[in-house]
Amino acid sequence: MADGNGAYTLGAAIEMGRELEKLNLHWFEEPLPQSTPDYAGYEVLTAKLDIAIAACENLASRGTFKEAIARRAMDIVQPDISTAGGIGECLFVAEMARLWGIQCVPHCWMGALGTAATVHLVSLLPDTSWSRGSVAPMLELDMVENPFRDDLLLTPLDLKDGFVQVPNSPGLGVEVDEAKLDFYAAS
């Protein structure tokens, strides 16, 4: 997977996408600017490339997701629980996408509590279809150093062999280390 972080023009994104296809990457995430109204131009990009385009992490309402899904602005929709209305709204977006044959891989680049909430969301997602070749739900988990994800929990999320164990305690299933929270709040 490669993240373009909105850094490409349409022509440059097509050129880069074709190079990424040669590497057999799974997706090319948000190559065009996200600040354009409702991910303008993304439907052109998805039509011109074989590599899946993952997008829409910055959309914040059912209506904008519906419009983007209907015009096929992405191959993989990425609602973010922190901007799209939480777990329930992201489930709604995922189901809407599934009805259009679009995979949902929630965007997750945040601290420990947001990551824990996204783990719960992913655990509730259905496969994209009932076919044998269906792709199981995935968690996008950035492994760049992030103390707000890695240090704030008394017991870190259990990541082994590419899978995260869904926490099963009350609430999000995690407990914040108050001393570390105080430390970062004072910094």
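Because the structure is a prediction, the values reported are computed rather than measured.

Participant: What's the story with the overall build of the protein chain in this structure? I'm lost.
Facilitator: Along the protein chain, the regular secondary structure elements total seven helices and seven strands. For the protein chain, the α and β elements follow one another from N to C terminus as β-α-β-α-β-α-β-α-β-α-α-β-β-α. A compact globule built from 187 residues would reach a C-alpha radius of gyration of about 16 Å, and the protein chain, at 17 Å, matches this within 12%. Taken across its 187 residues, the protein chain has 39% of its residues classed as buried. In the protein chain, the proportion of contacts linking residues at least 24 apart, taken out of those at least 6 apart, comes to 64%. Here the protein chain contributes 12 positive and 27 negative side-chain charges, whose respective centroids are spaced 10 Å apart.

Participant: How should the nonpolar core be read in this particular structure?
Facilitator: A general tendency of soluble globular proteins is for nonpolar side chains to be buried together. Formed by 35 residues in total, the largest nonpolar core has its most connected members in Phe-28, Tyr-42, Leu-45, Cys-56, Phe-65, Met-74 and Val-77. Contributions of two or more residues to this core are made by helix H1 (10-22), helix H2 (42-48), strand E3 (52-55), helix H3 (62-70), helix H4 (87-99) and helix H5 (112-124). Considering every element that reaches this core, the biggest residue donor is H4, with five residues. Once residues lying within four places of it in the same chain are set aside, the contact partners of Val-77 are Ala-55, Cys-56, Phe-65, Val-93, Ala-97, Ile-102, Gln-103, Cys-104 and Val-105. Counting residues in hydrophobic clusters, the runner-up holds five residues, among them Trp-27, Ala-52, Ile-76 and Val-105.

Participant: I would appreciate a short explanation of the pattern of salt bridges in the present structure.
Facilitator: A side chain with one charge may pair with a side chain of the opposite charge, provided their charged atoms come close. Across all of its chains, the model carries seven salt bridges by this definition. Between Glu-43 and Arg-71 there is a salt bridge whose closest N-O contact spans 2.9 Å. With a gap of 28 residues between them, Glu-43 in helix H2 and Arg-71 in the loop between H3 and strand E4 (76-77) connect regions that are remote in the sequence. Here the residues in one salt-bridge network are Glu-43, Glu-67 and Arg-71, joined through shared partners.

Participant: Can you help me understand the packing of H4 against H5 in this one?
Facilitator: When two helices pack together, you describe them by how their axes are tilted relative to each other and by the distance separating the axes. In contact at an axis separation of 10 Å, H4 and H5 are set at 35 degrees when each is read in the N-to-C sense. The chirality of how H4 crosses H5 is right-handed. Contacts between H4 and H5 pair Ile-87, Cys-90 and Leu-91 from the former with Ala-117, His-120, Leu-121 and Leu-124 from the latter. Residues that form the contact of H4 with H5 fall into these classes: six nonpolar, one polar and no charged.

Calculation rules
Residues numbered from 1 in each chain as written. Predicted model: local features only at pLDDT ≥ 70, side-chain atom pairs only at ≥ 80, totals over all residues. Heavy atoms only, no water. Helix = DSSP H or I, 4+ residues; strand = E, 2+ residues; numbered from the N terminus. Rg over C-alpha atoms; globule rule 2.2 N^0.38 Å. Buried < 20%, exposed > 50% of the residue type's maximum accessible area, 1.4 Å probe, protein only. Contact = heavy atoms within 4.5 Å. Lys, Arg positive; Asp, Glu negative; His and termini not counted. Charge placed at Lys NZ, Arg CZ, Asp CG, Glu CD. Core = buried A, V, L, I, M, F, W, Y, C linked by side-chain atoms within 4.5 Å. Salt bridge = Lys/Arg side-chain N within 4 Å of Asp/Glu carboxyl O. Axes fitted to C-alpha atoms, helices over the stretch in contact; angles between N-to-C directions. Left-handed = near helix turned anticlockwise from the far one by under 90°. Nonpolar A, V, L, I, M, F, W, Y, C, P; charged D, E, K, R; others polar.

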